[in-house]
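# Observations on the three-dimensional arrangement
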Amino acid sequence: MLRNVQLTGILGKPRLDFKNNEELGKYYEGKYREGGYEGGFILCGINVSELNHRARHASAFRLLAPQGIQRILDAGCGDGRLSAQIAPHCRDVHAIDIAPNAFDPRHAAGLANLKFQAMNVEHLAFEDEFFDQIVCVETLEHLLNPQLALREFERTLKPGGRLVITYPTINRTFIKKIQERLRIGRRLEISEHLNEWSYDEIVENGKAAGLNLLKSEGVIFDFGVFGWLKAASRFFARGITALSFKITCFPRNSSVVSVVFRKSGQGVRPPESAAA
């Protein structure tokens, strides 16, 4: 292990294997019973995992641009921090997670329009065309069948409704392939990530579910082998990490992306500044 790098929990470990969603749900129920996500990827004393988590939430919220008349689904809500951020800006938020103990009720304090239910995002217990928008952050990569979840999102969205997702992509660009062939750098395995898509594969799977690509942006730019300079010192860790959040116009070269899809048809639309 490189010096100045601390890996805890799910980082740097082989992929988990679940036979079905019942096993998956029990795993996450146990995880939240034990305190949820602590630690993370620590570089030179900087919790990069927490910074990445905040960046994904910020990107998703900005692209979602919730409005007062909208009904919104937070699919895979975790502890509910993002749901609580969205709720004051729309009619109501349905927050769901496969673990019944994932949601922290403190986040719903004073928010009568925020409702949590234990639910598998691959099988949504909502009627067709129920939601104006759906947001899915840090979730698809944890599913046994993410394509099924995308089809459920399409089914429950109103015509013209939008889906905002974030996803930790696998970089399959030409430069990355050269680096892999030369064995330059190394990948950081994450045990809970049960599927791996490139940016193009995210777009293809969304379209296969009947959704139209609206826009996308990088959340965390991938510097490839040069990213490991972050482990050299606190100076590099802060500088490269901060810069990776600022470069958003190259989603194919990003390790995490935000992608916005729209369901065909007419419906409630967010402000043009967010839908451009």
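The sections below set out a description of the structure shown in this document. (Residues numbered from 1 in each chain as written. Predicted model: local features only at pLDDT ≥ 70, side-chain atom pairs only at ≥ 80, totals over all residues. Heavy atoms only, no water.)

All right, on to the overall build of the protein then. Helices and strands together make up the secondary structure of the protein, namely eight helices and ten strands. Looking at the protein residue by residue over its 276 residues, the buried ones come to 52%. As presented, the protein carries roughly 13,300 Å² of accessible surface, and 54% of it is formed by carbon and sulfur atoms. (Helix = DSSP H or I, 4+ residues; strand = E, 2+ residues; numbered from the N terminus. Buried < 20%, exposed > 50% of the residue type's maximum accessible area, 1.4 Å probe, protein only. Areas by Shrake-Rupley, 256 points an atom, 1.4 Å probe, with all protein chains shown as cover.)

With that settled, the discussion passes to the nonpolar core. By size, the foremost hydrophobic cluster in this structure holds 29 residues, and its most contacted members are L140, F153 and L163. If you list the elements that add at least two residues to this core, you get β4 (71-75), β7 (131-136), α4 (146-156), β8 (157-167), α6 (199-208) and β10 (254-263). Here this core gets four residues from one element, more than from any other, and that element is β8. Residue contacts for F153: discarding those within four places in its chain leaves A75, V121, L124, I134, C136, L140 and L163. With 21 residues, the next largest nonpolar core counts I72, L82, A84 and V164 among its residues. (Core = buried A, V, L, I, M, F, W, Y, C linked by side-chain atoms within 4.5 Å. Contact = heavy atoms within 4.5 Å.)

We now examine the sheet that holds strand β6 (residues 114-118). Strand-to-strand pairing in sheets goes through backbone hydrogen bonds, with the strands running parallel or antiparallel. Read across the sheet, seven strands follow the order β6-β5-β4-β7-β8-β10-β9 without closing on themselves; strand pairing throughout is mixed. Pairing within the sheet leaves two strands with one partner each, and these edge strands are β6 and β9 (211-221). If you compare each strand with its neighbour and ignore which way they point, the axes differ by 15° on average. Relative to β10, β9 is paired through nine bridges, and the arrangement is antiparallel. Residue S216 lies in a different strand from β10, and its bridge partner there is V259. (Pairing = 2+ DSSP bridges. Axes fitted to C-alpha atoms, helices over the stretch in contact; angles between N-to-C directions.)

The residue V121 is located in the loop between β6 and β7 in this model. Its relative accessible area of 4% is what places V121 among the buried residues. Once residues within four sequence positions are removed from consideration, V121 is found in contact with A75, G76, I96, T139, L143, A149, E152 and F153.

This paragraph deals with the packing of aromatic side chains. Taken as a whole and assessed by the stated rule, the structure comprises nine aromatic pairs. The interplanar angle of 20° and the centroid separation of 5.1 Å between the aromatic rings of F103 and F116 together place this pair among those described as stacked. Residue F103 is located in the loop between β5 (92-97) and β6, and its partner F116 is located in strand β6; the two are separated by 13 residues in the primary sequence. Assessed through its relative accessible area of 26%, F116 is described here as partly exposed. Seen from their ring centres, Y167 and W197 are 5.4 Å apart, and the 15° between their planes marks the pair as stacked. Of this pair, Y167 sits in strand β8 while W197 is found in the loop between α5 (174-181) and α6, placing the two residues 30 residues apart along the sequence. In this pair, the class of Y167 matches that of W197, namely buried. Chaining the aromatic ring pairs together yields one cluster made of F18, Y27 and Y28. (Phe/Tyr/Trp six-rings, centres within 6.5 Å; stacked < 30°, edge-to-face > 60°.)

End to end, helix α1 (residues 21-33) covers 18 Å across 13 residues, agreeing with the expected 18 Å (1.5 Å per residue, within 8%). For α1, the set of buried residues is N21, L24, G25, Y28, G30, K31 and Y32. N-cap assignment for α1: the residue whose side-chain oxygen lies 3.1 Å from the backbone N of E22 is N20. In the segment just after α1, G35 is the residue with positive phi, at about 115°. (Expected span 1.5 Å × (residues − 1). Polar contact = N/O pair within 3.5 Å; in protein donor to acceptor, adjacent residues only side chain to side chain.)

Following the sequence through the fold, S254 ends up in strand β10. On the basis of relative accessibility, which here comes to 0%, the residue S254 falls in the buried class. Reaching out from S254, the side chain makes a polar contact with the backbone oxygen of F250 at a distance of 2.9 Å. Not counting chain neighbours up to four residues away, the residues in contact with S254 comprise T169, G218, V219, I220, F221 and D222.

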